[in-house]
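# Breakdown of the fold
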Amino acid sequence: MEQATVTRATEEILQGVYKNIKMAEDAILDLMPRVKDEALKSDLTVQLAAYEAFASRTAKLLEREGVKPVSEGALTRLSAKWGTMMNAMKDSSSTHLAEMVVEGATMGVNDLLSLLRDGRAKSVDEDVLRLAQDLCAYEERTVNEMRAYLR
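Described below are features of the structure shown in this document.

Cut-offs and rules
- Residues numbered from 1 in each chain as written.
- Predicted model: local features only at pLDDT ≥ 70, side-chain atom pairs only at ≥ 80, totals over all residues.
- Heavy atoms only, no water.
- Salt bridge = Lys/Arg side-chain N within 4 Å of Asp/Glu carboxyl O.
- Buried < 20%, exposed > 50% of the residue type's maximum accessible area, 1.4 Å probe, protein only.

What follows is about the pattern of salt bridges. Using the criterion set out here, one finds 7 salt bridges in the structure. Here Arg64 ties to Glu65 by a salt bridge, and the two come within 3.8 Å at their closest N and O atoms. The partly exposed category is assigned to Glu65, whose relative accessible area is 25%. Here Asp118 and Lys122 are joined by a salt bridge, their closest N and O atoms 3.4 Å apart. The class of Lys122 is partly exposed, set by a relative accessible area of 27%. What you see here is one network of salt bridges that share partners, running through Arg64, Glu65, Asp125, Asp127 and Arg130.

Distances and angles like these do not, on their own, reveal function.
What follows is the structure, encoded as structure tokens:
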């Protein structure tokens, strides 16, 4: 495969991973003021730290490719923030907030699996694929851990 195609695919996957991480961070930050359950708040704080570590890892790989990380546009982020806030205002129980985290992580897993398939098909660098796999596994664990709050 032509190197330019692999480089472009690598950048697209890394940017997709970065956007996924930033959307997850934003969602957690939007939910935190509504969380009353200390255990859930603690779990979300740990998740936020993990996403920050993934963002740092992704930024380093993007830098290696000579590209700056790009988050979703302001309109997309504002729309997501509005949706999160409205959804949490309707019901701010720990169960509902955990459901929201599960839904977000599930969407993240689906997006990451698509990026992984694309990356493998285009022979993207193993470091990039490993990052996407690690993040996907983390989000799958998040889904499983949040199920403890679904009563």
